[in-house]
Amino acid sequence: EIKKQPSNRQWQGVSFFALDSKPYDALIATHNTILCVDLIEANGRISPLPPSNYMWRMGSHQHPIFSPLLESGKKANALSKKLATGLKLNTNVKVINLVVIIGNADLSDVNCLDFGNRVLLFKDFLNLINNSLEFNSLTRPRPNTKLLPNEVQSLFKFIEQNSVVNTQIMEEYNAIEPIVQ
């Protein structure tokens, strides 16, 4: 079920675009933070491989992959720098990376990593959207930070002008019940 958000908490987003040859699954401008979201399909146990945790084994896949958490962090940092120089957004606004797992995955090995709380199952991501306390605990917005409507529109215009894939803009909606069981 989709429910229109209250006007004081409207979020907007763009999905599936690339900036500087880096693919972005979704970028969500919240009331006080920009979320850089990577969507990963995985089932089973997700295990970071020691000693560095740069490589992860995703469920039953034989070959490890580079850490989605580190990859999304690099994209969020690059985007933050690009927005600071190209748009001159409110400098208090943070760009936070999230990895959202679509599937039935076990994250117990990931949760103990630095920033491991930024790896979420899809159902937990949907719950996060509706829970201000959990959202603020995860994103830790800077005090008195707001993304103003004109800044959000400038952000999307910047992405549209600089991306290599057409963007789709979603406005004022969020899921209040899990879409994927």
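Being a predicted model, the structure only gives us computed values, none of them experimental.

S.K.: An account of the overall build of the protein chain is needed here, citing residue identities and associated values.
M.R.: Assigned secondary structure in the protein chain consists of 4 helices and 12 strands. Per-residue burial for the protein chain yields a buried fraction of 43% across its 181 residues. Expressed as a percentage of contacts within the protein chain between residues at least 6 apart in sequence, the contacts between residues at least 24 apart total 63%. Of the accessible surface of the protein chain, which amounts to about 10,200 Å², a share of 51% is contributed by carbon and sulfur atoms.

S.K.: Describe helix H1 (residues 68-86), listing the residues and the values that go with them.
M.R.: An α-helical turn contains 3.6 residues, so any two residues separated by three or four positions project in the same direction. Given a rise of 1.5 Å per residue, 19 residues ought to cover 27 Å, and the 26 Å separating the end C-alpha atoms of H1 matches this to within 8%. Within H1 the residues assigned to the buried category are Pro-68, Leu-69, Ser-72, Gly-73, Lys-75, Ala-76, Leu-79 and Leu-83. The buried residues of H1 all sit within an arc of 165° when viewed along its axis, so they share a single face. Counted as exposed and oriented over 90 degrees from the buried face of H1: Lys-81 and Thr-85.

S.K.: Please set out the environment of Val-119 residue by residue, giving values where relevant.
M.R.: Tracing the sequence through the fold places Val-119 in strand E10 (residues 119-121). Once the C-alpha coordinates of Val-119 and Ile-40 are considered, the two residues, 79 residues apart in sequence, prove to be 9.9 Å apart. Other than its neighbours up to four places away in sequence, Val-119 contacts Trp-56, Leu-69, Val-99, Ile-101, Leu-107 and Val-110.

S.K.: How would you explain unusual backbone geometry if you had to name every residue and give the values?
M.R.: A positive phi angle is found at Asp-20, which is not glycine, with a value near 50°. The topology assignment puts Asp-20 in the loop between strand E2 (12-19) and strand E3 (22-29). If you check the backbone angles, Ser-21 has positive phi at about 60° while not being a glycine. Within the element layout of this structure, Ser-21 appears in the loop between E2 and E3.

S.K.: Residues and numbers for the pairing of E2, please.
M.R.: The element E2 is extensively covered by neighbouring structure, given that 7 of its 8 residues are classed as buried. When E2 meets E3, the two strands line up antiparallel, connected through 7 bridges. Bridge pairing links Leu-19 to Lys-22 in E3. Where E2 hands over to E3, the hairpin turn is made up of 2 residues, of which Asp-20 adopts a positive phi near 50°.

S.K.: Residue-level account of the pairing of strand E4 (residues 33-41), with values.
M.R.: Summarising the sheet, E3 and E4 pair through 4 bridges and their orientation is antiparallel. Paired with Ala-29 across the two strands is Ile-34, which belongs to E4. The antiparallel pairing of E3 with E4 creates a hairpin that spans 3 residues between the two strands. Here 9 bridges tie E4 to strand E8 (residues 94-102), and the two strands are oriented parallel to one another. Its bridge partner being in E8, Leu-39 is matched across the sheet by Val-100.

Basis of the calculations
- Residues numbered from 1 in each chain as written.
- Predicted model: local features only at pLDDT ≥ 70, side-chain atom pairs only at ≥ 80, totals over all residues.
- Heavy atoms only, no water.
- Helix = DSSP H or I, 4+ residues; strand = E, 2+ residues; numbered from the N terminus.
- Buried < 20%, exposed > 50% of the residue type's maximum accessible area, 1.4 Å probe, protein only.
- Contact = heavy atoms within 4.5 Å.
- Areas by Shrake-Rupley, 256 points an atom, 1.4 Å probe, with all protein chains shown as cover.
- Expected span 1.5 Å × (residues − 1).
- Arc of directions from axis to C-beta.
- Pairing = 2+ DSSP bridges.

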